[in-house]
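For reference, the chains in residue letters:
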Protein chains: 2
Amino acid sequence: MFSIGELSRATGVKVPTIRYYEGAGLLAPEERTEGNQRRYGRAGLERLQFIAHGRELGLSLEAIRHLLELSDRGRDCTDAHLIARRHLEETRARIARLQRLETELARLSEVCDHGPGEPCGLIAALGDHGQCLGEH
Amino acid sequence: MFSIGELSRATGVKVPTIRYYEGAGLLAPEERTEGNQRRYGRAGLERLQFIAHGRELGLSLEAIRHLLELSDRGRDCTDAHLIARRHLEETRARIARLQRLETELARLSEVCDHGPGEPCGLIAALGDHGQCLGEH
DNA sequence: TCTTGAAGCTCTAGTCGCTAGAGGTCCTAT
DNA sequence: ATAGGACCTCTAGCGACTAGAGCTTCAAGA
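Structure report, in brief.

Thresholds, definitions, all that
Per chain, the residues get numbers from 1 upward, laid out in the order the sequence is written. Here every chain gets a letter starting at A, and every ligand a number starting at 1, in the order they are written. Per-residue local features are limited, in this predicted model, to residues with pLDDT of at least 70; the limit for side-chain atom pairs, both in listing and counting, is 80 or more; totals at the level of whole chains, interfaces and linings are taken over all residues. As a rule here, side-chain values come from all non-hydrogen atoms in the structure, and water together with hydrogens is ignored. Every angle, taken between N-to-C directions, lies between 0 and 180 degrees, and every axis is a line fitted to C-alpha atoms, over only the stretch in contact when it is a helix. By the criteria applied, helices consist of DSSP H or I runs no shorter than four residues and strands consist of E runs no shorter than two, each listed in order from the N terminus. Under this scheme an angle from 65 to 115 degrees is roughly perpendicular, one under 35 degrees roughly parallel, and one over 145 degrees roughly antiparallel; angles in between are oblique. The crossing is said to be left-handed when, going from far helix to near helix, the turn is anticlockwise and less than a right angle, and right-handed when the turn is clockwise. For this analysis, residues touch if any pair of their heavy atoms sits within 4.5 Å. Three classes are used: nonpolar for Ala, Val, Leu, Ile, Met, Phe, Trp, Tyr, Cys and Pro, charged for Asp, Glu, Lys and Arg, and polar for all others, with Gly counted as polar. To form a nonpolar core, buried Ala, Val, Leu, Ile, Met, Phe, Trp, Tyr and Cys residues must be joined to one another through side-chain atoms within 4.5 Å. Here the term buried applies to any residue with accessible area under 20% of the maximum for its type, exposed to any over 50%, and partly exposed to those in between, with areas from a 1.4 Å probe on protein chains only. The copies were overlaid by least squares, fitting only the C-alpha atoms of residues that reach a pLDDT of 70 or more in each copy. Working rule for helices: expected span equals 1.5 Å times residues minus one. Consider each residue's heavy atoms; a residue with any of them within 4 Å of a molecule or strand counts as near. Pairs of N or O atoms are called polar contacts if they sit within 3.5 Å, as long as, within protein, a hydrogen donor faces a hydrogen acceptor (for residues adjacent in sequence, only side-chain-to-side-chain pairs). Buried area is calculated as the accessible area (1.4 Å probe) missing from two parts once they are joined, with the contributions of both summed. For this document, the term salt bridge refers to a Lys or Arg side-chain nitrogen within 4 Å of an Asp or Glu carboxyl oxygen.

1. Focus: the packing of helix 1 (residues 4-11) of chain B against helix 3 (residues 42-56) of chain B
All names here are of chain B.
Step number 1: Taken N-terminus to C-terminus, the directions of helix 1 and helix 3 make an angle of 45 degrees; their axes are 10 Å apart at the nearest point. Our classification of the angle between helix 1 and helix 3 gives oblique. As for how helix 1 packs across helix 3, the hand of that crossing is right-handed. Two secondary-structure elements touch here, helix 1 through L7, A10 and T11 and helix 3 through L45, L48 and Q49.
Step number 2: Residue composition of the contact of helix 1 with helix 3, by class: four nonpolar, two polar and no charged.

Encoded structure:
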């Protein structure tokens, strides 16, 4: 049986976050001590690792909840693959978007050929979308 | 003089968001009508465009507030370039991180060679960080 | 067995950047 | 004069935590 602190050290998930996950209906302790402290078993540890790993991969708690249900029910994992696939697509879209921003930012931080007393090109460019090359 | 709705249409920023920016100390209307409605001038419009553009570039309101102060004070824009540069670095780091996730997700959504009744490889992999190839 | 102090408990509120809704007032065109 | 769209303020909610107050419990050493 693990205390919440042991679970925290074992997974790298902070104690208040574990309690938060419990409130969010993702992870309940197997039992409580007489004094009302949480005690987890191996299953709890693994479940928390599952959650933590999903979060590292950028999945929402919503998506993780869904995956946990599928995992609890076992069998058909079509939905699980759908979730992973959808998340992969979102990730790709976010990468593409960030890359456009990167280009823009790189350009912006170069633009500053103003002489003494003249306004800064960077600040001017920030106010004027028309100076941008692409979409963002 | 523009009403808040006109400003909204001109910039694409929603009305409640403009009010939120005001609460956040980024943008105040030049004046109010007798009936307490906000009225903005050209300066207000440009300031909002500045904010909106900064947000599109993913800058925090904090960073934008800072840039606005620099712009208001004019002259030395070293700090402005620092902000832009730091944000560019953050953006690059986020891209790199997302790309590692992309690889992992792509791999994950392929892994599912389980026979009928056997547990799904995807769900197992989600619980076990050790199966990952890289860092994330 | 007692004591101490780290670790646990619950509850509330704050973070960021909005968004939605309630319930009321104002402005403007007909 | 009136209708109704646009405006006002205020409060609460989102997601995923984080921080703090004020209290209780547990475990190890004396």
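Having seen the structure, we can now continue with the description.
2. Observations concerning the nonpolar core
Step number 1: With 68 residues, the main nonpolar core has I18, L67 and L126 of chain A together with I18, L67 and L126 of chain B as its most contacted residues.
Step number 2: For I18 of chain A, the residues in contact, after removing those within four places along its chain, are I4, L7, S8, V13, L27, Y40 and L48 of chain A.

3. With respect to the relation of the copies chain A and chain B
Step number 1: Superposing chain A onto chain B takes a rotation of 179 degrees plus a shift of 0.0 Å along the axis, which leaves an RMSD of 0.3 Å. Viewed as a symmetry operation, the transformation between the two copies matches a two-fold axis. Among all residues of chain A, the minimum C-alpha distance to the rotation axis is found for I95 of chain A, at 3.0 Å.
Step number 2: Residue by residue, 100% of the interface of chain A is reproduced at the interface of chain B, so both copies engage with the same surface.

4. What to know about helix 3 of chain B
Counting along an α-helix, one turn takes 3.6 residues, and residues three or four places apart therefore face a common direction.
Step number 1: Across its 15 residues, helix 3 of chain B extends 21 Å between first and last C-alpha, which sits within 8% of the 21 Å expected from 1.5 Å per residue.
Step number 2: Within the span of helix 3 of chain B, buried status applies to G44, L45, L48, F50, I51, A52, H53 and G54 of chain B.
Step number 3: Where the residues of helix 3 of chain B are buried, they touch helix 6 (121-127) of chain A together with helix 1, helix 2 (15-23) and helix 4 (61-73) of chain B.
Step number 4: Positive backbone phi, at 85 degrees, marks G58 of chain B, one or two positions downstream of helix 3 of chain B.

5. Details of the protein's contact with DNA strand C
Step number 1: With respect to spatial proximity, 18 residues lie near DNA strand C, and among them G5, R19 and R38 of chain A together with Y20 and R55 of chain B are the closest.
Step number 2: Of what DNA strand C places within 4 Å of the protein, 87% of the atoms are sugar or phosphate.
Step number 3: For DNA strand C, a phosphate oxygen lies 3.2 Å from a polar atom in the side chain of S3 of chain A.
Step number 4: At 3.3 Å, a side-chain N or O of R32 of chain A approaches a phosphate oxygen of DNA strand C.

6. Regarding the protein's contact with DNA strand D
Step number 1: Near DNA strand D, the surroundings consist of 18 residues, among which Y20 and Y21 of chain A together with G5, R19 and R38 of chain B are the closest.
Step number 2: Restricting attention to atoms of DNA strand D within 4 Å of the protein, one finds that 88% of them are sugar or phosphate atoms.
Step number 3: R32 of chain B places a side-chain nitrogen or oxygen 3.2 Å from a phosphate oxygen of DNA strand D.
Step number 4: At the level of elements, helix 2 (15-23) of chain A together with helix 1 of chain B are the ones that each hand at least two residues to the surface near DNA strand D.
Step number 5: It is helix 2 of chain A that provides the largest number of residues to the surface near DNA strand D, a total of three residues.
Step number 6: Taken together, the residues of the surface near DNA strand D sort by class into four nonpolar, nine polar and five charged.

7. A closer look at the environment of R65 of chain B
Residue and element names in this part refer to chain B.
Step number 1: Turning to its location among the elements, R65 is positioned in helix 4.
Step number 2: Since its relative accessible area comes to 26%, R65 is described here as partly exposed.
Step number 3: Between the alpha carbons of R65 and I51 there is a distance of 8.5 Å; along the sequence they are 14 residues apart.
Step number 4: When near neighbours in sequence (up to four residues on either side) are disregarded, R65 contacts A24 and L26.

8. As for the interface of chain A and chain B
Step number 1: Taken together, the 47 residues of chain A in the interface contact 47 residues of chain B.
Step number 2: Taken together, the two surfaces of chain A and chain B that pack against each other cover about 4,100 Å², and 70% of this comes from carbon and sulfur.
Step number 3: Salt-bridge contacts for E102 of chain B lead to R92 of chain A; the nearest nitrogen and oxygen are separated by 2.7 Å.
Step number 4: For the interface between chain A and chain B, the tally reads three residue pairs in polar contact (both at pLDDT 80 or more).
Step number 5: Those elements giving two or more residues to the side of chain A that touches chain B turn out to be helix 3 (42-56), helix 4 (61-73), helix 5 (78-108) and helix 6 of chain A.
Step number 6: Examining the composition of the side of chain A that touches chain B, we find that 19 residues originate from one element, helix 5 of chain A, more than from any other.
Step number 7: The residue inventory of the side of chain A that touches chain B, partitioned by class, reads 23 nonpolar, 14 polar and 10 charged.

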